[in-house]
Amino acid sequence: MPCVSLLLFLILWQLLAASGTWSETLVPSPAKVWDAFITVSTTHDGVRGYNGTYLIEHLGISLRRIGLGAGLGIVVGVVFGLLMGTVGWLRSLFEPWITFLRTLPPLAYFSLLIIWMGINEEPKITLLAVAAFPPVAVSTTTAVAAVPRSLVEAARALGGSRWDVIKDVVVPSALPETFTGIRLAVGVAYSSLVAAELVNGLPGIGGMVKDAANYNNTPVVLVGIIAIGASGLIIDGLLLRVERAVVPWRGRA
């Protein structure tokens with residue numbers, strides 16, 4: 001079924017491009033985008049990929065940034081979520097600030113990060129970390145706070161320490177929702193990628209998209225967008241597999 005929908009999409013795209021409703025600069029044909037993909041993936045006329053870097057290398061550099069930034073945001077988010085879910089006054093103190101942060105678009109604070117940290121890797125990693133942090137913190141906090149009191153009291157009645165209760169009751173109960181937050185966080189990090197690579201983003205897939213857009217190179221822009229979306233689907237699928245392995249009881253009564 002996905003193959004049929006993809007084929008239908010390509011046919012509609014080709015018909016739209018061939019109709020002449022918009023110029024090729026705005027809506028290039030699938031063949032033009034394929035040619036751009038080949039160009040940025042190989043060496044042509046002595047030019048290596050796009051701006052001296054192959055597409056796979058652009059993507060790899062961006063994935064490294066996402067891994068570092070989103071990874072940091074996820075770890076901090078899980079820790080904050082556990083703390084806020086178990087300590088009421090911490091939740092009251094930090095939850096409004098996390099909500100405030102969650103509503104901010106990345107571009108709203110990226111310029112500030114550049115002023116503070118310069119134009120190298122630090123502001124990019126920090127932006128992705130800040131973007132990934134709120135979904136994990138909120139989902140983990142909610143999941144921890146929703147752990148049935150009967151389970152906690154039963155564990156304590158059996159002689160479990162506070163750490164035992166957290167390790168053996170709270171964390172397993174919260175894991176399903178935490179994984180949902182992690183998947184959301186990775187998605188938010190991906191949506192923030194182009195913003196993170198607006199300044200000094202080459203090499204990088206978001207930087208490639210931004211640079212190509214400056215020259216109205218729509219085929220390369222579409223190649224970059226497709227690469228980001230395809231890699232995002234693959235990573236989300238891998239996260240789902242990890243979730244099924246780590247939380248096999250999810251969805252079971």
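The rules behind the values
Residues numbered from 1 in each chain as written. Predicted model: local features only at pLDDT ≥ 70, side-chain atom pairs only at ≥ 80, totals over all residues. Heavy atoms only, no water. Helix = DSSP H or I, 4+ residues; strand = E, 2+ residues; numbered from the N terminus. Buried < 20%, exposed > 50% of the residue type's maximum accessible area, 1.4 Å probe, protein only. pLDDT = per-residue confidence, 0-100. Salt bridge = Lys/Arg side-chain N within 4 Å of Asp/Glu carboxyl O. Core = buried A, V, L, I, M, F, W, Y, C linked by side-chain atoms within 4.5 Å. Contact = heavy atoms within 4.5 Å. Axes fitted to C-alpha atoms, helices over the stretch in contact; angles between N-to-C directions. Parallel < 35°, antiparallel > 145°, perpendicular 65-115°, else oblique. Nonpolar A, V, L, I, M, F, W, Y, C, P; charged D, E, K, R; others polar. Expected span 1.5 Å × (residues − 1). Bend = angle between axes of the 7 residues up to and from the residue. Left-handed = near helix turned anticlockwise from the far one by under 90°.

## Notes on the overall build of the chain
Helix and strand content of the chain: 11 helices and two strands. Element order for the chain, N to C, with α for helix and β for strand: α-α-β-β-α-α-α-α-α-α-α-α-α. With respect to the principal axes defined by its C-alpha atoms, the chain has extents near 75 × 50 × 35 Å. Taken over 253 residues, the chain has a buried fraction of 36%.

## Quick notes on the confidence of the model for the chain
The predicted model of the chain averages 88 in pLDDT, with 98% of residues at 70 or higher. Here helix 7 (residues 149-157) stands out as the element of the chain with the lowest mean pLDDT, 76, in contrast to helix 2 (residues 30-41), whose mean of 94 is the highest.

## As for the pattern of salt bridges
Counted according to the given criterion, the structure contains seven salt bridges. Across the pair Glu121 and Arg64 runs a salt bridge, and its minimum N-O distance is 3.8 Å. Note that Glu121 is positioned in helix 6 (residues 121-145) and Arg64 in helix 3 (residues 55-86), a separation of 57 residues in sequence. Since its relative accessible area comes to 28%, Glu121 is described here as partly exposed. Ionic pairing is found between Glu121 and Arg65, a salt bridge with its closest N-O pair at 2.8 Å. Placement of the pair is Glu121 in helix 6 and Arg65 in helix 3, with a sequence separation of 56 residues. Relative accessible area serves as the criterion here: at 4%, Arg65 is assigned to the buried category. A single salt-bridge network, built from bridges that share partners, covers Arg64, Arg65, Glu121 and Glu197.

## So, the nonpolar core
The biggest cluster of nonpolar side chains holds 41 residues, and the ones touching the most others in it are Leu55, Ile66, Leu127, Ile205 and Val220. Not counting chain neighbours up to four residues away, the residues in contact with Ile66 comprise Gly71, Leu128, Ala189, Tyr190 and Leu193. Of all hydrophobic cores here, the second largest spans nine residues; its members include Val144, Val165, Val170 and Ala174.

## Some points on the packing of helix 2 against helix 11 (residues 218-246)
With their axes 8 Å apart at the nearest point, helix 2 and helix 11 run at an angle of 75° to one another. In terms of their interaxial angle, helix 2 and helix 11 are classed as roughly perpendicular. Contacts between helix 2 and helix 11 involve Lys32, Val33, Ala36, Phe37 and Val40 from the former and Pro219, Val220, Leu222, Val223 and Ile226 from the latter. Taken together, the residues of the contact of helix 2 with helix 11 sort by class into nine nonpolar, no polar and one charged.

## Looking at the environment of Thr53
Among the structural elements, Thr53 can be located in the loop between strand 2 (47-48) and helix 3. For Thr53, a relative accessible area of 12% gives the class buried. Residues Thr53 and Thr42 lie 11 residues apart in sequence; the distance between their C-alpha atoms is 9.2 Å. If sequence neighbours within four positions are ignored, Thr53 has contacts with Val40, Arg48, His58 and Pro203.

## A look at helix 4 (residues 88-103)
Here helix 4 spans 23 Å end to end across 16 residues, near enough to the 22 Å set by a 1.5 Å rise per residue. Taking the largest bend as the criterion, helix 4 deviates by roughly 35°, centred on Phe94, and proline Pro96 comes between one and four positions later.

## Some thoughts on the environment of Pro135
Residue placement: Pro135 occurs in helix 6. The sequence separation of Pro135 and Val188 amounts to 53 residues, and the corresponding C-alpha distance is 8.5 Å.

## Here we look at the packing of helix 4 against helix 6
Remark: helix 4 packs on helix 6, axes separated minimally by 9 Å, with the N-to-C direction vectors making an angle of 140°. It follows from the interaxial angle that helix 4 and helix 6 lie oblique. Seen along the crossing, helix 4 lies across helix 6 with a hand that is left-handed. On helix 6, the residues that touch Arg91, Ile98, Leu101 and Arg102 of helix 4 are Val130, Phe133, Pro134, Ala137, Val138, Thr141 and Ala145.

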